[in-house]
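Per-entry structural report
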Amino acid sequence: TLTRIPDSMALFSELSDDSDAQLPHSWDSACTGKRVGLPPPGTNYLTSVRESTSTFMDTVGCNLVKVCVEKARNYADSLDGAKFDNYVETINGWTHKLPLVFDNLAQKLNLISLLDMLQLGSGFRRELHEATGRGAADTIRFGCISLHISQTPLDAKGLQALTLGDISQHFGIPLLGEERPVVSGTTAVMMSEPSALRPLADIILGCLQDTGRRLERGGFASLSDFVIKMCVEKPTAAHLVEKLVNAFPSMRDAASVDGQTVYLFKKAQLLAYDVYQCFGGTDARFAFPDIRDLSLFADNVIPAMAQHHGVLAPCKVIAVKIRDGRELTLAETTAMRAASIVAGQLIVDCAKIPELMPMSGKTSLNQATLDSFWWREGKEPELRVLPRLICKNTVYF
């Protein structure tokens, strides 16, 4: 008997903008790709990322960021195979090293999927370190582990039931700043303003609540239920990415800049990659044959590493903003992220040129493994201090 799988494409369209008003405004504002048109049905969404970023960088983006072809060639020739193997293995194995006990595959898949859904908040990196001593990625990991350990329901209904207080408690995000005296006549009252991290808490809450309501509307018990059914429908990374992007605004990582549409789909691709790494070796539903077609998961770290290695060069305005720790515009952020994907493909292509010395390692070089390598390399003490692009009004990284 065939069970009808709900149409994930309808999850986005069935919920009106009016219902978004019930969610935190910071989340709604941060979903900047909500109204950007997506590739038509049947399009390979992984190909759309490569093609749209390449077209954008050839036209609009090149005025903001330059991709340095010769530097990409030199970098590909200089990659250390042993170091590459070590770093990629470290990052790829994180799903097997969670310090948690799971009742079944679906429960573990659900937590991994939510962790990837919540890979956001990088723009609040400085404020998080000052307030909690943790960066964005560690804050999200800390919060999700806390939700799991406390046995907080994380199915569709449970996500909708979460409150701002829950987010503050589990993720360790303060909602209020320092108290200040407010004088009214002869009376002085101590008052607290919202903390600088309140918008981040709102974005996390909105992301989880909206995901829950869309899952319930679509007839899915949980995010893992959605992922499993999409993979049963067609076990490819491209299919899963397409369904995630169409179903959830928090995954709709796209932008329109000067009439050019750019698809990045960072979190959806990352989720597909992590599902493959964790379950693909033992479960045919997740053994995606097109896993090498994923692009770099462009966030704030990857462009910083590409810039550090000289394979991309931002214009003076962007370079100064990054140096001074100031926020970038949506167009500037999109250009940096798109340029890193184009540069990543150049490096992969250059590594295949016969006259270049190939890496001596065992790990295949593709955009996804290059992402893992750069992300781990960015944690080296001397590179961790590199200035990174800042964009707070986003739910995508």
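See the structure printed just above.
Attention here is on the structure that accompanies the text. (Residues numbered from 1 in each chain as written. Predicted model: local features only at pLDDT ≥ 70, side-chain atom pairs only at ≥ 80, totals over all residues. Heavy atoms only, no water.)

So, the environment of Tyr396
Checked against the element boundaries, Tyr396 lands in the segment after helix 20 (381–384). The exposure class of Tyr396 is buried, given its relative accessible area of 2%. For the pair Tyr396 and Lys266, spaced 130 residues apart in sequence, the C-alpha to C-alpha distance is 7.0 Å. In terms of polar contacts, Tyr396 uses its side chain to reach the backbone amide nitrogen of Gly33, at 3.0 Å. Within the local environment of Tyr396, its side chain forms a polar contact with the backbone oxygen of Arg252, the two atoms lying 3.1 Å apart. (Helix = DSSP H or I, 4+ residues; strand = E, 2+ residues; numbered from the N terminus. Buried < 20%, exposed > 50% of the residue type's maximum accessible area, 1.4 Å probe, protein only. Polar contact = N/O pair within 3.5 Å; in protein donor to acceptor, adjacent residues only side chain to side chain.)

Comments concerning the packing of helix 7 (residues 105–117) against helix 15 (residues 266–279)
At their nearest, the axes of helix 7 and helix 15 sit 9 Å apart, and the two run at 150° to each other. Comparing their axes, helix 15 and helix 7 come out roughly antiparallel. The chirality of how helix 7 crosses helix 15 is right-handed. Across the interface between the two elements, Leu105, Lys108, Leu109, Ile112, Ser113, Asp116 and Met117 of helix 7 pack against Lys267, Leu270, Leu271, Asp274, Val275, Cys278 and Phe279 of helix 15. Considering only residue class, the contact of helix 7 with helix 15 consists of nine nonpolar, one polar and four charged. (Axes fitted to C-alpha atoms, helices over the stretch in contact; angles between N-to-C directions. Parallel < 35°, antiparallel > 145°, perpendicular 65-115°, else oblique. Left-handed = near helix turned anticlockwise from the far one by under 90°. Contact = heavy atoms within 4.5 Å. Nonpolar A, V, L, I, M, F, W, Y, C, P; charged D, E, K, R; others polar.)

Concerning the packing of helix 13 (residues 223–233) against helix 14 (residues 237–247)
Running from N to C, helix 13 and helix 14 cross one another at 135°; their axes reach a closest spacing of 9 Å. Classified by the angle their axes make, helix 13 and helix 14 are oblique. Crossing of helix 13 against helix 14: the hand is right-handed. Facing Phe226, Val227, Met230, Cys231 and Glu233 of helix 13, the residues of helix 14 in contact are His239, Leu240, Lys243, Leu244 and Ala247. Looking at side-chain class alone, the contact of helix 13 with helix 14 contains seven nonpolar, one polar and two charged residues.

Some details on unusual backbone geometry
Across residues other than glycine, the phi torsion is negative in most instances, and most of the peptide bonds are trans. Phi angles above zero are rare outside glycine, and Gln151 is one such case at about 60°. Of note, Asp258 is a non-glycine position whose phi angle comes to about 50°, a positive value. Along the chain, the position of Asp258 falls in the loop between strand 4 (254–257) and strand 5 (260–263).

A word on the nonpolar core
Ile204 and Trp374 are the most contacted members of the largest nonpolar core, which has 124 residues in total. Examining the composition of this core, we find that 10 residues originate from one element, helix 18 (residues 330–350), more than from any other. In this structure Ile204 touches Leu118, Leu120, Ile140, Ile167, Phe171 and Ile173, once residues within four positions along its chain are discounted. (Core = buried A, V, L, I, M, F, W, Y, C linked by side-chain atoms within 4.5 Å.)

Description of the packing of aromatic side chains
Scanning the model with the defined rule gives 10 aromatic pairs in all. For the pair Tyr273 and Phe297, a centre-to-centre distance of 5.5 Å together with 50° between the ring planes defines the contact as tilted. Here the residue Tyr273 occupies a position in helix 15, and Phe297 occupies one in the loop between helix 15 and helix 16 (301–308), the gap between them amounting to 24 residues. By relative accessible area, Tyr273 is classed as buried at 4%. Look at Phe279 and Phe286: their rings are 5.7 Å apart centre to centre, the planes differ by 50°, and that puts the pair in the tilted class. (Phe/Tyr/Trp six-rings, centres within 6.5 Å; stacked < 30°, edge-to-face > 60°.)

The quantities given are spatial measurements derived from coordinates; they are silent on function.
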